[in-house]
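Descriptive structure summary
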Amino acid sequence: DLYTWVQEQVALLRAGRVDALDLDNIAEELSDVGSEQYDKLESAIDVLLAHALKWDHQPERRSRSWSLTIAEQRVRIDRQLRKNPGLKSRITEAVTDGYRLGRIRAAREMKRPLKSLPAECSYTWDEILNRPFAFDDDR
């Protein structure tokens, strides 16, 4: 029961009972929290890049939904980086990891072979954050 354990550890900390803390598991949980923040950034990049790939490789199917999904993921990316500025040092890694997943997602949703999409991410960080993906009547 993670919740109860956390409450117990917090109570021990506040009481100054450092000797009674479960230090190994606290370290593990803190590490997991950091990983979760990276995973949120990577996930937003994954979804954004999947929609960018669909936008570029299936222009006849472009939709407001795709445009708004890209806009939403940009907000999520911005929020993650504002809340966790230390993640900025891992942007290249997050783009690489996010693209691998986004490419698979895009191929699945487009019902195309994976090899029909570029194996490496061709989008720059600036394009990921700023390239216009506006649906016709949203410009």
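What you see is a predicted model, and the numbers here were worked out from it, not measured in a lab.

Here is what the cut-offs are and how they apply
Residues numbered from 1 in each chain as written. Predicted model: local features only at pLDDT ≥ 70, side-chain atom pairs only at ≥ 80, totals over all residues. Heavy atoms only, no water. Helix = DSSP H or I, 4+ residues; strand = E, 2+ residues; numbered from the N terminus. Rg over C-alpha atoms; globule rule 2.2 N^0.38 Å. Buried < 20%, exposed > 50% of the residue type's maximum accessible area, 1.4 Å probe, protein only. Contact = heavy atoms within 4.5 Å. Areas by Shrake-Rupley, 256 points an atom, 1.4 Å probe, with all protein chains shown as cover. Lys, Arg positive; Asp, Glu negative; His and termini not counted. Charge placed at Lys NZ, Arg CZ, Asp CG, Glu CD. Expected span 1.5 Å × (residues − 1). Salt bridge = Lys/Arg side-chain N within 4 Å of Asp/Glu carboxyl O. Axes fitted to C-alpha atoms, helices over the stretch in contact; angles between N-to-C directions. Left-handed = near helix turned anticlockwise from the far one by under 90°. Nonpolar A, V, L, I, M, F, W, Y, C, P; charged D, E, K, R; others polar.

Let us now look at the overall build of the protein chain. What the protein chain contains, in helices and strands, is five helices and zero strands. N-terminal to C-terminal, the α/β element order of the protein chain is α-α-α-α-α. A compact globule built from 139 residues should have a C-alpha radius of gyration of about 14 Å, whereas the protein chain, at 20 Å, is more than 25% larger. Seen through its principal axes, the protein chain has C-alpha atoms that stretch 65 × 30 × 25 Å. Within the span of the protein chain, comprising 139 residues, buried residues form 35% of the whole. Excluding contacts between residues fewer than 6 apart, the proportion of contacts in the protein chain whose partners are at least 24 apart in sequence is 70%. Of the accessible surface of the protein chain, which amounts to about 8900 Å², a share of 51% is contributed by carbon and sulfur atoms. Each charge sign in the protein chain was given a centre, from 23 positive and 25 negative side chains, and these centres are 8 Å apart.

Relative to the 28 Å expected for 20 residues at 1.5 Å per residue, helix 4 (residues 91-110) spans 27 Å between its end C-alpha atoms, a close match to the ideal helical length. Among the residues of helix 4, Ile-91, Ala-94, Val-95, Gly-98, Tyr-99, Gly-102, Arg-103, Ala-106, Ala-107 and Met-110 are the ones counted as buried. For helix 4, the elements touching its buried residues are helix 2 (23-57), helix 3 (64-83) and helix 5 (125-130). The first or second residue beyond helix 4 is Lys-111, which carries a positive phi of 55°.

Here Arg-74 is to be found in helix 3. It is Asp-126 that comes nearest to the buried, bridge-free Arg-74 among opposite-charge side chains, at 8.7 Å. With sequence-adjacent residues up to four places away left out, Arg-74 is seen in contact with Leu-48, Glu-127, Ile-128, Leu-129, Asn-130, Arg-131 and Phe-133.

It is worth spelling out the pattern of salt bridges at this point. Under the defined criterion, the tally for this structure stands at six salt bridges. With a closest N to O distance of 2.9 Å, Arg-105 and Asp-46 form a salt bridge. Taken as a pair, Arg-105 in helix 4 and Asp-46 in helix 2 lie far apart in primary sequence, 59 residues in all. For Arg-90, the salt bridge is made with Glu-93, and the minimal N-O distance between the two is 3.0 Å. Take Arg-90: its relative accessible area is 31%, and that puts it in the partly exposed class. In this structure Glu-93 comes out as partly exposed when scored by relative accessible area, which is 37%.

Two quantities define a packed helix pair, namely the angle between the helix axes and the distance between the axes. One can describe the packing of helix 1 (residues 2-14) onto helix 2 by two numbers: an axis separation of 12 Å at closest approach and a directional angle of 115°. Here helix 1 and helix 2 pass one another in a crossing that is left-handed. The segment helix 1 lies against helix 2, with Leu-2, Trp-5 and Gln-9 engaging Asn-25, Ile-26 and Glu-29. Here the contact of helix 1 with helix 2 is built from residues that sort into three nonpolar, two polar and one charged.

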